[in-house]
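Fold and geometry: a report
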Amino acid sequence: MKTVIITGCSSGIGQATAARLARRGDWTVYATARRTDTLAELESAGCRTLALDVTDETSMVSAVDAVKTESGRIDALVNNAGYSQSGAAETLDVEDVRTQFETNVFGLLRLSQLVLPTMREQRDGRIVNISSMGGKIVFPGGGAYHATKFAVEAFSDAMRFEVAGFGVKVVIVEPGLITTNFDQAALESMDLEAQGPYADFNRTVASATEDIYKGPMKRLGGPPDAVAKVIEKALTARRPRTRYKVTPSATMTIVSRRMMSDRMWDTAMRTTFRQPGS
């Protein structure tokens, strides 16, 4: 039995991935979240559950030590924990941005550091980092979130080279629109009652986010299990790709951005977002 640690399993992609791998029967799945009471369904499905807060050093060390003690090995880590916040850069609370980086980037890096010694000793292991199409493109009002996902892409590309000689593979998964409650975190992070030069812009960001997740664009997305299926492939393929895009929205948007100049992209964004000051 191979052993995998998955972060952010209380809902969405993490929950779907843990459930899918547990159904296979050939993985010991450690489903983790800040609160273990959110993992009861996964425990019933055969997962082992652990409290793991990716912003807390003691929590991360304790979780990894518990897996090593119980299983004797760590074959895979799925760095899934993350969330989004939105708003014009000038309006963001810097402490909130730090928290976003602690969750989406520093937790991912630290957990990778904690499992790599075991993987190197085994001469075998996989780290799957959940990025986003937002690690390749930037929408107005999403600077903080996009910055974290660009950082995930950078760390993943660097680590892929650095650990390959030890038998460890690093894979990036880039989901597009996924039909979860992911958008709610972004909306709840914004003070839409605040006034000022960015008030109208922030409201259009909120409206555009709702339209994407609930409007016609939803058809280009997919459920959490679509990502879970790709993560399963990344963990089990003999030679996994370095990157996997998930859903038509990711492929179409990344390709479109690649074909546009910066000025062309800005022009396209003005059709959806009200540009501040104009």
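Before reading further, recall that the structure is shown in the block above.
Computed from a prediction, not measured in an experiment: that's the story for all the values here.

The rules we used
- Residues numbered from 1 in each chain as written.
- Predicted model: local features only at pLDDT ≥ 70, side-chain atom pairs only at ≥ 80, totals over all residues.
- Heavy atoms only, no water.
- Helix = DSSP H or I, 4+ residues; strand = E, 2+ residues; numbered from the N terminus.
- Rg over C-alpha atoms; globule rule 2.2 N^0.38 Å.
- Buried < 20%, exposed > 50% of the residue type's maximum accessible area, 1.4 Å probe, protein only.
- Contact = heavy atoms within 4.5 Å.
- Areas by Shrake-Rupley, 256 points an atom, 1.4 Å probe, with all protein chains shown as cover.
- Lys, Arg positive; Asp, Glu negative; His and termini not counted.
- Charge placed at Lys NZ, Arg CZ, Asp CG, Glu CD.
- Expected span 1.5 Å × (residues − 1).
- Pairing = 2+ DSSP bridges.
- Right-handed = clockwise from strand over helix to strand, strands pointing away.

Some details on the overall build of the chain
Looking only at helices and strands, one finds ten helices and seven strands in the chain. Here the C-alpha radius of gyration of the chain, 19 Å, is about what a compact globule of 278 residues would show, namely 19 Å. Projected onto its principal axes, the C-alpha coordinates of the chain cover approximately 60 × 40 × 30 Å. Taken over 278 residues, the chain has a buried fraction of 47%. Within the chain, counting contacts between residues at least 6 apart in sequence, those at least 24 apart form 70% of the total. For the chain, the accessible area works out to roughly 13,600 Å², and carbon and sulfur atoms hold 51% of it. Within the chain, the 32 negative side-chain charges are centred at a point lying 10 Å from the centre of the 34 positive side-chain charges.

Looking at unusual backbone geometry
The phi dihedral of arginine 123 falls on the positive side, at around 60 degrees, and the residue is not glycine. Looking at the secondary structure, you find arginine 123 in the loop between helix H4 (94-122) and strand S5 (125-130). Its identity as a non-glycine residue notwithstanding, threonine 247 has a phi of 85 degrees, on the positive side. If you trace the backbone, threonine 247 turns up in the loop between strand S7 (243-246) and helix H9 (248-259).

Observations regarding helix H5 (residues 143-164)
Since one α-helical turn is 3.6 residues long, residues separated by three or four positions face the same way. The end-to-end C-alpha separation of H5 is 31 Å, in line with the 32 Å expected for 22 residues at 1.5 Å each. All of the buried residues in H5 are Ala144, Tyr145, His146, Thr148, Lys149, Ala151, Val152, Glu153, Ser156, Met159 and Val163.

Considerations on the pairing of S5
Taking burial as the measure, the six residues of S5 include six buried ones, the bulk of the element. Judged by which residues are buried, S5 turns out to be covered on both faces: Gly125, Ile127 and Asn129 on one side and Arg126, Val128 and Ile130 on the other are all buried. Of the pairings in the sheet, the one linking strand S4 (residues 76-79) to S5 comprises four bridges and is parallel in character. Bridging across to S5, leucine 77 finds its partner in isoleucine 127. Crossover handedness for the path S4 to H4 to S5: right-handed. Sheet topology note: the S5/strand S6 (residues 168-175) ladder contains six bridges and is parallel. Residue pairing for S6: isoleucine 130 is matched across the bridge by valine 173. As a crossover connection, the stretch from S5 through H5 into S6 is right-handed.

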